[in-house]
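Residue-level structural notes
One letter stands for each residue in the lines below.
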Amino acid sequence: MKKSALLVIPLALFCVLIVFLFQGLFSDPRTLDSQAKDNPVPSFELPDLMTPTRLYTPDVFRGEVTILNVWGVWCVTCAVELPFLTHLKEAEQVRFVGLYFDQDLDPDFGTKTLSRVQQEVISMLGRFGNPYQFNIFDVYRDTSLDLGVTGAPEHFLIDANGVIRMHHVGDINERVWANKIKPLYDVLLQEKNKPLAESQGGEL
Amino acid sequence: MRWLLLTLLVLSNLVLATEDSYEFDTPQQRETFLTLTQELRCPMCQNQNIADSDAMIAHDMRRKVYTLVQEGKSEQQVINYMKVRYGDFVHYKPPVTFATLWLWLTPVMFVLLALLFVVFRKKTSTQEDIEAKLAKANAMLEQEK
């Protein structure tokens, strides 16, 4: 009895250790728990990238399911995903809003002029496709920081109430869209249409 | 000459890697800024603190820490500010929760268990051993006769 316990306990501990370490082989240390998820979009007041006199607030996300795409012309992966995003916009009428931030534009030194940034954006969107309804210009990268952005591209799936429901780090390609984003996107579309139908039913 | 070079080499380590030149109102604020940038972890290059990292996000976080410190926020307030955005991950000192408690508890438990095992085992085995040996000796003596 005692001898078997002496054998079984270390063996069990060893097995637990093996399972723990084995999981570690496949875990990605880069995936962080998004803090933005299930929270409303943090408040901001930022200009449009093309017409800076126009200001946006989180209200732009109200009433429609939106994918907020954090990107920049300096980001190679962003260029890679632009054609697919454009395809999604055209084929499935997905609403993309860009949160643009510039890497070279150091807010403290003002190394780059706005018109230069605009030119770069126009030429890049001309080459790879333009999925965006409009681009919000995160001048000081403050809003990116508030959203917990670590780089680009990153995507925030925002429901019609302006609440972030998914934070996807990395590009959207066919596989990611079909397996990860579309399922929730469809749910959000249903959610958006449901309360509307109910309120209409109430009026009648 | 050699000594001069050596001292220069040693001194160069003291120069902080942050190239941004931030100016502070009080030396204490400077101190807070330096400890914070040492303790906060860069979410992009994960094994560097934001003082060491040259990633854009680290630049932005340093700037944010600077503005928050200038606003008179305490160390803990700045840490909380970053945690709200990047999670517990962003601070090099993990909070004690049920999940992390085991980091401290397991070694202590292991030592205690091992100690108990050693103490417990010695007592029983020696007594039994001596008794067994005595019995065996007696039996041999009996046979001799």
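Quick summary incoming for the structure in this document. (Residues numbered from 1 in each chain as written. Chains lettered and ligands numbered in written order. Predicted model: local features only at pLDDT ≥ 70, side-chain atom pairs only at ≥ 80, totals over all residues. Heavy atoms only, no water.)

**Thoughts on the overall build of chain B**
Formally: Numbered from the N terminus, helices here are DSSP runs of H or I no shorter than four residues, and strands are runs of E no shorter than two. Relative accessibility under 20% of the residue-type maximum defines a buried residue, over 50% an exposed one, and the middle range a partly exposed one, all with a 1.4 Å probe and only protein chains included. Here, two residues are considered to be in contact whenever any of their heavy atoms come within 4.5 Å of each other. In short, Shrake-Rupley with a 1.4 Å probe defines the accessible areas, and a residue's cover is counted only from the protein chains shown.
Helix and strand counts for chain B stand at 5 helices and 0 strands. In chain B, which comprises 145 residues, the share counted as buried stands at 30%. Residue pairs at least 24 apart in sequence account for 51% of intrachain contacts in chain B once pairs closer than 6 positions are excluded. Summed over all atoms, the accessible surface of chain B reaches about 10,800 Å², with 64% contributed by carbon and sulfur.

**Topic: the interface of chain A and chain B**
We count it as follows: By buried area we mean how much accessible surface two parts lose on assembly, using a 1.4 Å probe and totalling the loss over both. What counts as a salt bridge is simple: a side-chain nitrogen of Lys or Arg found within 4 Å of a carboxyl oxygen of Asp or Glu. Only Asp, Glu, Lys and Arg are considered charged, only Ala, Val, Leu, Ile, Met, Phe, Trp, Tyr, Cys and Pro nonpolar, and every remaining residue, Gly among them, polar.
In this complex, chain A contributes 20 residues to the contact, which on the side of chain B involves 18 residues. Between chain A and chain B, a total of about 1,700 Å² is buried, with carbon and sulfur atoms accounting for 55% of that surface. The interface formed by chain A and chain B includes 3 salt bridges. Among the ionic pairs, Asp 146 of chain A bridges to Arg 85 of chain B, the shortest N-O distance being 2.7 Å. For the side of chain A that touches chain B, the secondary-structure elements that each account for two or more residues are α1 (2-26) and α4 (142-147) of chain A. Per element, the largest residue contribution to the side of chain A that touches chain B is 4 residues, and it comes from α4 of chain A. Class assignment of the residues belonging to the side of chain A that touches chain B gives a composition of 9 nonpolar, 5 polar and 6 charged.

**Some details on the sheet that holds strand β3 (residues 66-71) of chain A**
Residue and element names in this part refer to chain A. In plain terms, the rule: One requirement defines pairing of two strands: DSSP has to find at least two bridges between them. A fitted line through C-alpha atoms represents every axis, and for helices the fit uses only the stretch in contact; the resulting angles, taken between N-to-C directions, go from 0 to 180 degrees.
Read from one edge to the other, the open sheet built from 5 strands follows the order β5-β4-β3-β6-β7, with strand pairing classed as mixed. Pairing within the sheet leaves two strands with one partner each, and these edge strands are β5 (132-137) and β7 (164-169). Pairwise comparison of adjacent strand axes, ignoring direction, gives a mean angle of 20° for this sheet. With 5 bridges joining them, β3 and strand β6 (residues 154-158) adopt antiparallel strand pairing. Residue pairing for β6: Thr 66 is matched across the bridge by Ile 158. Those strands touched by helix α2 (residues 76-92) are β3, β4 (95-100), β5 and β6, and its axis lies near 160° from that of β3.

**Overview of the state of the cysteines**
Going by this rule: Note that a disulfide, as used here, is simply two cysteine sulfur atoms within 2.5 Å.
Evaluated as defined, the whole model comprises 1 disulfide over all chains. Residue pairing for Cys 75 of chain A: its cysteine sulfur links by disulfide to Cys 78 of chain A, the two sulfurs lying 2.2 Å apart. Its torsion about the S-S bond being 90°, the disulfide of Cys 75 of chain A and Cys 78 of chain A is classed as right-handed. What makes Cys 75 of chain A buried here is its relative accessible area of 5%. Unpaired in terms of disulfides, Cys 45 of chain B finds its nearest cysteine sulfur in Cys 42 of chain B, a separation of 3.3 Å. On the basis of relative accessible area, Cys 45 of chain B is assigned to the partly exposed category, the value being 22%.

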